[in-house]
Amino acid sequence: MASGRNDRCRDRRSGEARGRRNGLAGAILTALLIVALAQFALPSWAATEAPPAGTSAPPPAAAGATPPSAAPARPDGPTEVKVGMYLTQLLDFDMSKRSYYASFWLWYLHDSPEYDPHATVEVANAKSDSVKFASLDTSKGIRWHQEKHGAVLAEDWEITRFPFDRQKLVIMVEDGQSDTGRIRFVADSKNSRIDPAATVPGWTIESFDLSAQDVTYNTSYGDPTLSEDSVYSRIVATITVKRQGIRLLCSLFVGFGVAFLLALLTFFLDFESMAGSRIGLCAAAVFAAVGNKYALDGYLPPASTFTLADVIVSTTFASILLAALAVVLMQLTHKRAPRFARIANLLLCLATFAGYVGVNGYAVASAA
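Residues numbered from 1 in each chain as written. Predicted model: local features only at pLDDT ≥ 70, side-chain atom pairs only at ≥ 80, totals over all residues. Heavy atoms only, no water.

Now for the pairing of strand 5 (residues 143-154). Where strand 2 (residues 99-110) lies against strand 5, 12 bridges are found, and the strand directions are antiparallel. If you follow His-110 over to strand 5, its bridge partner there is Arg-143. Pairing of strand 4 (residues 126-137) with strand 5, which is carried by nine bridges, proceeds in the antiparallel orientation. Note that in strand 5 the partner of Asp-137 across the bridge is Trp-144. Connecting the antiparallel pair strand 4 and strand 5 is a turn made up of five residues, with Gly-141 showing a positive phi of about 85 degrees. (Pairing = 2+ DSSP bridges. Helix = DSSP H or I, 4+ residues; strand = E, 2+ residues; numbered from the N terminus.)

Okay, structure coming up:
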């Protein structure tokens with residue numbers, strides 16, 4: 001009897017244990033089923049609530065805290081580029097070819113990673129230009145470009161007062177692609193200057209100036225967004241130089257002085273016995289003046305104004321002409337009116353001398 005009761009108790013306990021195990025297994029299966037259903041349903045609602053890939057959701061704001069304001073956007077407008085120049089050499093002033101040579105450093109300071117002045121900036125008035133030592137330094141918190149130029153520059157020489165002329169040589173630096181809507185130059189005048197070792201034989205360097213200006217081109221270059229003109233920013237360096245002209249006056253114009261003296265000598269020869277010699281001196285004066293004129297024309301460019309050189313040339317040929325007219329007049333009058341011939345010869349001599357010295361002296365004094 002007792003053993004039967006014990007068997008029934010053991011059976012009851014084992015049945016309860018099996019029930020608990022079956023309940024635990026059912027709970028685990030139910031949990032796994034819920035997780036699986038959640039994984040299948042996740043794309044339908046996560047796409048609308050999850051932040052974009054590569055970003056993180058902002059942390060929840062503390063109670064009562066004010067959300068941070070957005071960072072201010074960079075104002076629309078052109079990139080400002082500070083441009084400076086250090087001039088190291090001025091050479092080969094060639095007035096007949098309208099050019100000179102200059103060597104100089106350029107630097108650009110700006111904060112736009114998209115802008116590369118090495119690729120787009122040009123020397124606008126250069127006949128030829130070589131660039132070397134191009135570099136970029138960003139270690140100082142700003143984009144600092146440098147480059148060195150050796151350029152043959154076109155120059156419209158002002159020769160009205162030659163050889164006592166004062167020239168304003170210009171170097172024009174301009175971006176060849178970006179107009180003022182994208183790039184605007186600012187002159188770094190504080191750090192721009194001429195190397196003290198840069199000297200030009202026969203010239204005195206008086207001043208150096210660096211400025212920024214806008215230049216307008218009367219075309220849109222086919223840009224469909226522009227209606228008429230294009231405006232570009234430009235940096236202009238102006239170097240003022242003064243010629244030391246006394247030596248050049250003596251060397252270039254000596255032929256005209258010799259021609260004048262030959263013409264003047266004819267008035268002192270006897271017009272009866274030395275008429276042939278007077279004509280020969282006039283011819284020699286003409287050859288001296290013409291030869292000097294050819295040499296001068298090879299040195300100077302053509303000019304649209306009446307220059308000091310034109311004054312000297314014109315008065316020299318006028319003196320020769322007066323001397324030749326005096327020879328002809330003396331031959332016509334010295335036999336019939338010898339007294340009148342001598343007086344006329346003297347007056348023409350004085351007029352030639354006074355006119356030549358007076359006019360040229362005043363012109364040289366005004367130009368110097």
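What follows is about the nonpolar core. Counting residues in each nonpolar core, the largest one holds 64 residues, and the members touching the most others are Met-85, Phe-104, Phe-162, Ile-171, Ile-239, Phe-253 and Leu-296. Per element, the largest residue contribution to this core is nine residues, and it comes from helix 6 (residues 308-333). When neighbours within four sequence positions are excluded, Phe-104 is seen to be in contact with Met-85, Tyr-86, Leu-87, Thr-88, Val-123, Glu-147, Lys-148, His-149, Ala-151 and Ile-171. (Core = buried A, V, L, I, M, F, W, Y, C linked by side-chain atoms within 4.5 Å. Buried < 20%, exposed > 50% of the residue type's maximum accessible area, 1.4 Å probe, protein only. Contact = heavy atoms within 4.5 Å.)

So, about a nonpolar patch on the surface. There is a patch of nonpolar side chains on the surface, built from Ile-343, Leu-346, Leu-347 and Leu-350 and spanning about 390 Å² of accessible area. Locating Leu-347 in the fold gives a position in helix 7 (residues 338-367). For Leu-347, a relative accessible area of 54% gives the class exposed. (Patch = residues over 30% accessible without salt bridge, like charges linked within 9 Å, V, L, I, M, F, W, Y side chains within 5 Å. Areas by Shrake-Rupley, 256 points an atom, 1.4 Å probe, with all protein chains shown as cover. Salt bridge = Lys/Arg side-chain N within 4 Å of Asp/Glu carboxyl O.)

Okay, the environment of Asp-229 next. Inspection of the secondary structure puts Asp-229 in the loop between strand 9 (203-217) and strand 10 (230-243). Judged by its relative accessible area of 35%, Asp-229 falls in the partly exposed class. Residues Asp-229 and Thr-216, spaced 13 residues apart in sequence, show a C-alpha to C-alpha distance of 6.6 Å. Excluding residues that lie within four positions of it along the chain, Asp-229 makes contacts with Thr-216, Tyr-217, Asn-218 and Thr-219.

Under the criterion given, the structure shown has eight salt bridges. A salt bridge links Glu-174 to Arg-234; the nearest nitrogen and oxygen atoms lie 2.8 Å apart. Of this pair, Glu-174 sits in strand 6 (residues 166-175) while Arg-234 sits in strand 10, placing them 60 residues apart in sequence. Accessibility classification places Glu-174 together with Arg-234 in one group, the buried group. With its nearest N and O atoms 3.7 Å apart, the salt bridge here joins Asp-179 to Arg-182. Looking at Asp-179, the relative accessible area reads 15%, which means it is buried.

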